[in-house]
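Fold and geometry: a report
Each chain is listed here by its residues.
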Amino acid sequence: MVWGAMSSAGVGPLCSLRSKVNAAVYQEVLEHFMLPAADQLYGDADFIFQQDLAPAHSAKATSTWFKDHGIPVLNWPANSPDLNPIENL
């Protein structure tokens, strides 16, 4: 499993995951990879985070993590991987 991020401001690092991804593992990835990348790409500017509806992404604990960090998440329709731009990257 690989986690990555892209935006109009640039790309973030790739993170190779060797374990099964649950909400706790996903939140660690967000903490150690997404937050630094967002800070580097956006600084103090606002952004909206997009993710699909994988179980680790839609867990209540993950939703709470985003709220606690003040990061808005784009509402995303179920079963729509063809709409996700990172799938083509």
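Relevant structure appears above.
These lines cover the structure that appears in this document, whether it is placed above or below. (Residues numbered from 1 in each chain as written. Predicted model: local features only at pLDDT ≥ 70, side-chain atom pairs only at ≥ 80, totals over all residues. Heavy atoms only, no water.)

**Here's the deal with the layout of surface pockets**
Rules: Definitions used for this entry: grid spacing 1 Å over protein atoms alone; cavity, a set of points where a 1.4 Å probe fits but cannot get out; pocket, an open set with protein on both sides within 12 Å along at least 5 of 7 lines; lining residue, one with an atom within 4 Å of a point. Grid points are joined across faces, edges and corners, and a volume is the space filled by probe spheres set on the points. Secondary structure elements are taken from DSSP: a helix is a run of H or I of four residues or more, a strand is a run of E of two residues or more, and numbering for both begins at the N terminus. Gly is placed with the polar residues, together with every amino acid not listed as nonpolar (Ala, Val, Leu, Ile, Met, Phe, Trp, Tyr, Cys and Pro) or charged (Asp, Glu, Lys and Arg).
Size it by volume and the second largest pocket reaches roughly 220 Å³. Among the elements of the structure, helix H2 (55–58) and helix H3 (60–68) are those that each provide at least two residues to the lining of the second largest pocket. It is H3 that contributes the most residues to the lining of the second largest pocket, three residues altogether. Grouping the amino acids of the lining of the second largest pocket by side-chain chemistry returns six nonpolar, six polar and one charged.

**A few points about the nonpolar core**
Threshold: Joining through side-chain atoms within 4.5 Å is the link that ties buried Ala, Val, Leu, Ile, Met, Phe, Trp, Tyr and Cys residues into a set, and such a set is a nonpolar core. Only protein chains enter the calculation, and the probe is 1.4 Å; a residue is then buried if its accessible area is under 20% of its type maximum, exposed if over 50%, and partly exposed in between. Should any heavy atoms of two residues lie within 4.5 Å, those residues are considered in contact.
Counting residues in hydrophobic clusters, the biggest one holds 13 residues, and the most contacted among them are Trp3, Tyr26, Leu30, Met34, Phe49 and Phe66. Put simply, the parts of the chain that give this core at least two residues each are helix H1 (23–42) and H3. The element contributing the most residues to this core is H1, with five residues. When residues no more than four places from it in sequence are discounted, the contact partners of Phe49 are Trp3, Tyr26, Leu30, Met34, Phe66, Ile71, Pro72, Val73 and Leu74.

**With respect to the environment of Ser63**
Topologically, Ser63 is positioned in helix H3. In the structure, Ser63 is positioned 40 residues away from Ala23 in sequence and 9.7 Å away in space, judged by C-alpha atoms.

**Details of the packing of H1 against H3**
To keep things clear, this is the line we draw: For every element, the axis is a line fit to its C-alpha atoms; helices are fit only across the contacting stretch, and the angle between N-to-C directions ranges from 0 to 180 degrees. We call two directions roughly parallel when the angle between them is under 35 degrees, roughly antiparallel when it is over 145, roughly perpendicular when it lies between 65 and 115, and oblique otherwise. Here a crossing is called left-handed whenever its near helix is offset anticlockwise from the far helix by less than a right angle, and right-handed whenever the offset is clockwise.
The N-to-C vectors of H1 and H3 enclose an angle of 25°; their axes lie 9 Å apart at closest approach. With respect to each other, H1 and H3 are oriented roughly parallel. By crossing handedness, the relation of H1 to H3 is classed as right-handed. On the side of H1, the interface is formed by Ala23, Tyr26, Gln27, Leu30, Glu31, Met34 and Leu35, while H3 contributes Ala61, Thr62, Trp65 and Phe66.

**Structural notes on H1**
Since the α-helix packs 3.6 residues into each turn, any two residues three or four apart lie on the same face. What counts is decided by this rule: A helix is expected to reach a length of 1.5 Å times the quantity of its residues less one. The term bend refers to the angle at a residue between two fitted axes, each drawn through seven residues, those ending there and those starting there. Definition of a polar contact: a pair of N or O atoms within 3.5 Å, with one able to donate and the other able to accept a hydrogen when the atoms are protein atoms, and with sequence-neighbouring residues admitted only if both atoms are side-chain atoms.
The terminal C-alpha atoms of H1 lie 25 Å apart, and with 20 residues this falls more than 12% below the ideal 28 Å at 1.5 Å per residue. A maximum bend of about 35° is found in H1 at Leu30. Buried residues of H1: Ala23, Tyr26, Gln27, Val29, Leu30, Met34, Ala37 and Ala38, and no others. Each element contacted by the buried residues of H1 is listed here: strand S1 (2–3), strand S4 (15–16), H2 and H3. For H1, the side-chain oxygen to backbone nitrogen distance between the N-cap and Ala24 is 3.1 Å, and the N-cap itself is Asn22.

**What to know about the packing of aromatic side chains**
Operational definition: Pairing of aromatic side chains here covers Phe, Tyr and the six-membered ring of Trp, requires ring centres within 6.5 Å, and sorts the geometry by plane angle: under 30 degrees stacked, over 60 edge-to-face, intermediate tilted.
Tallying each qualifying case throughout the model produces three aromatic pairs. When the ring of Tyr42 is compared with that of Phe47, the centres are 5.3 Å apart and the planes differ by 20°; the resulting orientation is stacked. Of the residues examined, Phe47 reaches a relative accessible area of 23% and is grouped as partly exposed. With 5.3 Å between their ring centres and 35° between their planes, Phe49 and Phe66 make a pair best called tilted. With Phe49 in the loop between H1 and H2 and Phe66 in helix H3, the pair connects residues that are 17 residues apart, well separated along the chain. Taking the relative accessible area as the measure of exposure, Phe66 reaches 2% and is therefore buried.

Honestly, that's just the spatial picture; any functional story needs more than this.
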